[in-house]
Amino acid sequence: MAESAEQVHARVMAAADERGRVPLPSVAAWDVFPWEVVDGQLAAKPLAAPAPEEARQGQGGVDCAACADRPQGVIWAHDRWRLRHLSERSGLPLVLILEPIDHLDLPDLDDAMAAEHGVLAVRIARIVEGLPHVARCHVQRIGDGAEHLHTWFMARTAGLPSIRGSFAVDWDDILPPGPEDVWRADLADVARQLAAYDGRAVALDG
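Conventions adopted
- Residues numbered from 1 in each chain as written.
- Predicted model: local features only at pLDDT ≥ 70, side-chain atom pairs only at ≥ 80, totals over all residues.
- Heavy atoms only, no water.
- Disulfide = S-S within 2.5 Å.
- Pairing = 2+ DSSP bridges.
- Helix = DSSP H or I, 4+ residues; strand = E, 2+ residues; numbered from the N terminus.
- Contact = heavy atoms within 4.5 Å.
- Axes fitted to C-alpha atoms, helices over the stretch in contact; angles between N-to-C directions.
- Buried < 20%, exposed > 50% of the residue type's maximum accessible area, 1.4 Å probe, protein only.
- Lys, Arg positive; Asp, Glu negative; His and termini not counted.
- Salt bridge = Lys/Arg side-chain N within 4 Å of Asp/Glu carboxyl O.

1. Comments concerning the state of the cysteines
Here is the idea: a disulfide is a covalent bond, and it sits between the sulfur atoms of two cysteines.
Thinking step 1. What the rule picks out here adds up to zero disulfides.
Thinking step 2. Of all cysteine sulfurs in the structure, the one in Cys67 sits closest to Cys64, which takes part in no disulfide; the separation is 3.6 Å.

This is how it looks when you write it as structure tokens:
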């Protein structure tokens with residue numbers, strides 16, 4: 001089962017400096033990171049000038065990583081959809097990605113696929129929120145980086161108020177990863193429960 005808030009806090013404090021801080025995540029160096037320090041005060045960065053949209057990874061189905069013969073991290077699949085984990089563990093208990101097998105973006109889904117996406121999203125969120133020590137499963141689709149639809153499911157530890165809300169995404173990059181055996185056990189549990197509805201659980205790599 002996922003770690004308790006007390007276990008997460010103790011593990012993070014053990015990795016923190018004398019002020020209780022862990023290193024800044026890589027997101028702080030991204031062009032789109034909206035904050036900077038000016039004269040000792042936190043301030044919003046100036047808005048960049050308009051520019052052409054950048055091409056997304058896999059645009060038009062060309063060199064699409066999600067369309068690879070053997071996508072990494074798949075824990076559950078059926079004929080139209082699959083659920084996978086990130087290639088590396090991160091700070092939140094679980095971060096999962098639901099994606100169609102075919103190269104489709106969200107507006108490309110027909111009514112049947114759209115309905116199936118909604119049912120799967122509810123099932124996954126229900127399963128993740130049913131895990132011990134998980135308070136919430138945040139669900140989001142952004143899609144600026146890659147064209148192939150990928151819907152994110154992010155488990156938030158119960159009892160850690162710093163991680164509540166939309167900043168859970170940032171804390172996922174800030175917090176050190178938890179124990180691998182716990183993470184693997186939770187992935188297997190989610191896959192098993194989802195396969196009880198439909199599809200099949202896939203054995204974890206490694």
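2. Quick notes on the sheet that holds strand 3 (residues 74-77)
The pairing of strands in a sheet happens through backbone hydrogen bonds and is either parallel or antiparallel.
Thinking step 1. Spatially, six strands are ordered 6-7-5-4-3-8 in an open sheet, and the strand pairing comes out antiparallel. Among the strands making up the open sheet, the edge pair consists of strand 6 (134-140) and strand 8 (200-201).
Thinking step 2. One ladder, built from three bridges, connects strand 3 with strand 4 (residues 81-85); its direction is antiparallel. Bridged to Val74 within strand 4 is Arg84.
Thinking step 3. Contacts between helix 2 (residues 111-129) and the sheet are confined to strand 3, strand 4, strand 5 (95-100), strand 6 and strand 7 (151-157), with strand 6 contributing the most and set at about 160° to the helix.
Thinking step 4. Helix 4 (residues 180-195) contacts strand 3, strand 4, strand 5 and strand 8 of the sheet and is inclined by roughly 5° relative to strand 3.

3. Focus on the side chain of Asp186
Thinking step 1. One can find Asp186 in helix 4.
Thinking step 2. Of the side chains with opposite charge, Arg192 comes closest to the buried, unpaired Asp186, at an N-O distance of 9.2 Å.
Thinking step 3. Here Asp186 is in contact with Met1, Ala2, Leu94 and Leu131, once residues within four sequence places are set aside.

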